[in-house]
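Descriptive analysis of the structure
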Amino acid sequence: MNQAFTQSSQHNSLGKVTTHRLTGQVLSLETDNGKAEITVFNPGVFRIRIVKDAFTEDFSYAVTGKPEKCEMNLAETNDKLVLSTGKLKLEINRNPARFTFYTSDGRLINSDDKAFGTSWIGTEVTTYKKLQEGERFIGLGEKTGNLDRRGSAYDNWNTDNPRYGPNDDPLYVTIPFYIGLHSGLAYGIFMDNTHRSRFNFGASNDRFSSFSADDGEMDYYFIHDDKVAGILSDYTLLTGRMTMPPLWALGYQQCRWSYFPDSEVLNVVRNFRDRKIPLDVIYLDIHYMDAYKIFTWHPTRFSNPAKLISDLKSLGVHTTVIVDPGIKVEKGYEAYEDGLKKDMFIKYPDGQVYTAQVWPGWCHFPDFTKPAAREWWGDKFSGLVADGVDGFWNDMNEIASWGGGTTPHMVQLDWEGKHAAYRQAKNVYGMEMARSTYEGARKLMNNQRPLILTRAGYAGLQRYTALWTGDNQASEEHMMLGARLLNSLGLSGVSFTGVDVGGFSKDATPSLFARWIGIGAFSPFFRSHTHYDTKSAEPWTYGETVENISRNYIQLRYKLMPYIYAAFHESVETGMPVNRSLAIDYTFDEKIYNYIYQNQYLFGPSILVAPTESTRDLVKVYLPAGEWYNFHTGIKLQGNSEITTECPVHILPLFIKAGAVIPMQKAVQSTSESPGDVLYLHLFSGNESSEFVYYEDDGNSYNYEKGAFYKRSITFDPVKRHLKILAKEGSFPGRFKKAQLLLHGFPEGLKFKLNNGALAFEGSEIDLFNALVTNDPQYLETKHSKLEVLIAEINLVDDEITLSW
Ligand code: MIG
């Protein structure tokens, strides 16, 4: 042994298997210097736990899924143990203990580095995986950098990183889950360890990818499926799926730091209404409070909050307020006195309550890992809820404080009675704050859905909250980076995500704002926000042209609401995100990883968005396999091709997948306005069949969990030549009495039948968007063509409807 190494810097790896035992679906191994436990969760998901000494009590904030009983088999040879299901085979080399995963038909998916496997240096534990030929890595949540993370390394340590740059790391969120791809095979690895962790995807080495935590167990889930979508489904079986957000939270949301006083808030909202720019939510940032004291109102700026909020509601606008975890230390302040008395705050090991400075001055911080404190915090929303607030924006929960948010590692948290130091708890603090806000609001709001938004989080946060990507900047680069962040979050189980549209710090140029509104309209959470120090940043402040462009895209968002709502429902049901990196459906098409195409995504199942800088008039777009329609011109294009397309600032490149069914409604000023009784069902003809699951519910209660929804599959089959709207499921009656069928790309003169009777279609031209942006000739040059369609109206009866030709 090299004397120069101290014990703590000594590198040790898992040694020889000495004994093994299979109990149900759990294989336990003892090795000469550690233990391992492999649990078959389902045929495609194996959990691997590895420790040096003894396992600690099994507990996770992230994982709510339970193992399912499945067929499995253990085979033994002299040098190997082989655990297999119908989908996955794990070969464990006995000496030393090393893990290799194969498909059931023997193709190599992933293997430990032969020498290092799982190793320790002091308390730090790392698993090393051999880099495979051509291997790519995607996901890992809110991380800057390329879609393909090969050659990069990342740090997970929830951090308030104001004005982060395009390569900064870490940011606010920890999701230690990534997907590896090679040789036509896909797998996921989720390391469930909340300590500071590092992921290396072949950065500064040509040998391995690795994942590593400062302390605690090596505890990872290995997931295999033929498709990335299947891996996301399994990952969200483990870490949970979102619940339906309120419909209004899918509308346009306006924020700034800060709108005050009350008259100014009303003024902004009336401006939207006067200018006919749709709006659903207005935000109150920290100035609504009295001296930044959470759960209070500023006495003069907001002297009658209940009245303000009901006035806003009568204008069709919901109010969301910010909440920070820091509770001001001040005698007589209820939340402070009560929290202290009831022992709700985090403390030093000697029992002194931990204090740090943030907006209110010196503060204490609730212990969101303590069930009683979560309940305590949740109940504190009763005043805000009584005032009519129904949106809660959780900020600064990394924890951020003056002094760089460097809360001492030793600070103690309850950790569900099991006790943990901040060193272990930091990365989950934000998620547990959002959780207690969600649970409290849900309990108080009488079965109405709250909007919960958070900045910090950990794997599983999708169960409680939406997420925005913090303090971005008003730059072209940041706009593109934002698209990548949302796509990466979508690859990491988080569907309801958005960025500060227009950029948080600095002033956006008019064209940047206009383009960003377009991209924002095609992102799950659609909110403009800006810093205290910037100029006014509502859509009309950039001049008439930008106002018109903004109105067009925001309106388009509302017209697409039936499509968007169904995409959210898919996230609830399967974990499929709303923003879908092309890596989900076109995983092994290497073009999609190209630097210039890597930001592209599908918004929902069939609208391809190519986020593009506002400074360009032309852009190259990659259309993956299949056929595509240019949304703006209706022209059909062949996929598997790189095209150059026009993208002046009023034209965001958008393409519709051939075969797609896109349900739309008429434009409204907010989701509280009725969209009428006609659903516009667009069908874009193509060679491939498709299925779209149409979904509605009341949009604001949890009754859908008890069956009060309206759901029907819509299938298109170009070979059998029919479109079927299958019979409705669920007990909700549905909003629309009629459907206007709009057929794109069908030749005229076809004979159509509805069920068995003839149905006449008329040729027509429609404008999905709004051609007229302004009279400025610059914008008139590139026009939206009117789209040619065949139109007929039918009754939307609950029984199966068949259109054939
Ligand atoms: O120290 O509440 O990311 O959206 O406007 C800054 C003020 C605190 C940070 C958030 C930002 C918010 C701001 N907050």
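Scroll up to find the structure this text is about.
Keep in mind that this is a model prediction, so the values were computed, not measured. Each chain has its residues counted from 1, following the order in which its sequence is written. Owing to the predicted nature of the model, reporting of local features is limited to residues with pLDDT of at least 70; listing and counting of side-chain atom pairs is limited to 80 or more, with chain, interface and lining totals taken over all residues. Computation of side-chain values covers all heavy atoms of the structure but excludes hydrogens and water.

Looking at the site of the ligand
Each residue is tested against the molecule or strand, and it is near if at least one of its non-hydrogen atoms lies within 4 Å. Within the structure, the ligand sits among 13 residues, and D285, D395, R455, D471 and H529 are positioned closest to it. Counted as a polar contact is a pair of N or O atoms within 3.5 Å, where, for protein atoms, one must be capable of donating a hydrogen and the other of accepting one, and residues adjacent in sequence contribute only when both atoms are in side chains. Contact distances for the ligand include 2.9 Å between an oxygen atom and a side-chain N or O atom of R455. Under the convention adopted here, Pro, Cys and the residues Ala, Val, Leu, Ile, Met, Phe, Trp and Tyr are nonpolar, Asp, Glu, Lys and Arg are charged, and Gly plus all remaining residues are polar. Grouping the amino acids of the shell around the ligand by side-chain chemistry returns eight nonpolar, one polar and four charged.

A look at the pairing of strand β11 (residues 118-121)
Pairing between strands requires that DSSP locate at least two bridges from one strand to the other. In DSSP terms, a helix is any run of H or I states spanning at least four residues, a strand is any run of E spanning at least two, and both are numbered starting from the N terminus. Two elements, strand β1 (residues 11-13) and β11, share three bridges in a ladder whose sense is antiparallel. Bridge pairing links N12 to W120 in β11. In terms of strand pairing, β11 meets strand β12 (residues 124-130) through four bridges, oriented antiparallel. Its bridge partner being in β12, W120 is matched across the sheet by V125. Counting the residues that bridge the hairpin from β11 to β12 gives two residues, and of these G122 lies at a positive phi of roughly 60 degrees.

A word on helix α9 (residues 510-521)
Residue count minus one, scaled by 1.5 Å, sets the expected span of a helix. Taking 1.5 Å as the rise per residue, α9 with twelve residues should run 16 Å; its terminal C-alpha atoms sit 17 Å apart, in good agreement. Burial within α9 is extensive, with ten of its twelve residues counted as buried. The classification of residues rests on relative accessible area computed with a 1.4 Å probe and restricted to protein chains. Under 20% of the type maximum is buried, over 50% is exposed, and intermediate values are partly exposed. For α9, the complete set of buried residues consists of L512, F513, A514, R515, W516, I517, G518, I519, G520 and A521. Of the surrounding secondary structure, the elements contacted by the buried residues of α9 are α8 (476-490), β34 (500-501), β35 (527-528), α10 (544-559) and β37 (601-603). The contact definition used throughout considers only heavy atoms, calling two residues in contact when any of these lie within 4.5 Å.

Some points on helix α11 (residues 561-574)
Because each turn of an α-helix spans 3.6 residues, side chains separated by three or four positions in sequence point in the same direction. Given a rise of 1.5 Å per residue, 14 residues ought to cover 20 Å, and the 20 Å separating the end C-alpha atoms of α11 matches this to within 8%. Among the 14 residues in α11, eleven count as buried, and that is most of the element. Within α11, burial applies to M561, P562, Y563, I564, Y565, A566, A567, F568, H569, S571 and V572. Trailing α11 by a residue or two, G575 shows a phi angle of about 85 degrees, which is positive.

Some details on the packing of α8 against α9
Lines fitted to C-alpha atoms define the axes here, with helix axes fitted over just the stretch in contact, and angles between the N-to-C directions of these axes take values from 0 to 180 degrees. Between α8 and α9, the least distance of the axes is 11 Å, while the angle of their chain directions is 5 degrees. In this view, α8 runs roughly parallel relative to α9, as classed from their interaxial angle. On α9, the residues that touch E476, H478 and M479 of α8 are L512, R515, W516 and I519. Its residues assigned to classes, the contact of α8 with α9 shows four nonpolar, one polar and two charged. Each angle receives one of four descriptions, namely roughly parallel if under 35 degrees, roughly antiparallel if over 145, roughly perpendicular if within 65 to 115, and oblique otherwise.

Details of the nonpolar core
As used here, the term nonpolar core means buried Ala, Val, Leu, Ile, Met, Phe, Trp, Tyr and Cys residues forming a set that is joined through side-chain atoms within 4.5 Å. Grouped together as the largest cluster of nonpolar side chains are 225 residues, with contacts concentrated most on W377, F392 and F522. It is helix α7 (residues 422-444) that provides the largest number of residues to this core, a total of nine residues. Residues within four places of F522 in sequence aside, it is in contact with Y553, L556, R557, L560, N579, Y601, F603, I607, V609, L652 and L654. I50, V125, I189 and Y220 belong to the second-largest nonpolar core, a separate cluster that totals 39 residues.

Things to note about the sheet that holds strand β45 (residues 678-684)
A sheet is described by the order of its strands in space; here five strands give the open sequence β44-β45-β49-β53-β52, paired in mixed fashion. For this open sheet the edge positions go to β44 (661-664) and β52 (762-766), each flanked by a neighbour on one side alone. Pairs of neighbouring strands in the sheet enclose a mean axial angle of 35 degrees, with direction left out of account. Relative to strand β53 (residues 787-795), strand β49 (residues 738-744) runs antiparallel, the two being bridged by seven bridges. Among the inter-strand pairings, A739 is bridged to a residue of β53, identified as I794.

Let's talk about the packing of α9 against α10
Taken N-terminus to C-terminus, the directions of α9 and α10 make an angle of 5 degrees; their axes are 9 Å apart at the nearest point. Put simply, α9 runs roughly parallel to α10. On α10, the residues that touch P510, F513, A514, I517, G518, G520 and A521 of α9 are V546, I549, S550, Y553, I554 and R557. Broken down by class, the residue content of the contact of α9 with α10 amounts to nine nonpolar, three polar and one charged.

Things to note about the packing of aromatic side chains
Put simply, two rings from Phe, Tyr or Trp (the six-membered ring, in Trp's case) pair if the centres are within 6.5 Å, and we call them stacked under 30 degrees between planes, edge-to-face over 60, tilted for the rest. Here the structure, examined in full by the defined rule, presents 60 aromatic pairs. Between Y348 and Y354 the ring centres are 5.7 Å apart and the planes differ by 80 degrees, which places this aromatic pair in the edge-to-face class. Since its relative accessible area comes to 21%, Y348 is described here as partly exposed. Residue class for Y354 comes out buried when judged on its relative accessible area of 4%. Judged by centre distance (5.7 Å) and plane angle (80 degrees), the ring pair of W377 and F381 falls under edge-to-face. Members of the aromatic cluster, joined through ring pairs, are F101, F137, Y154, Y178, Y187, F199, F201, F211, Y220 and F222. Charge-over-ring placement is defined geometrically: NZ (Lys) or CZ (Arg) within 6 Å of the ring centre, and within 35 degrees of the ring normal. When the ring centre of Y542 is taken as reference, the NZ or CZ atom of K535 above it lies at 4.2 Å. The cationic tip of K711 hangs over the ring face of F709; the distance from NZ or CZ to the ring centre is 5.7 Å.

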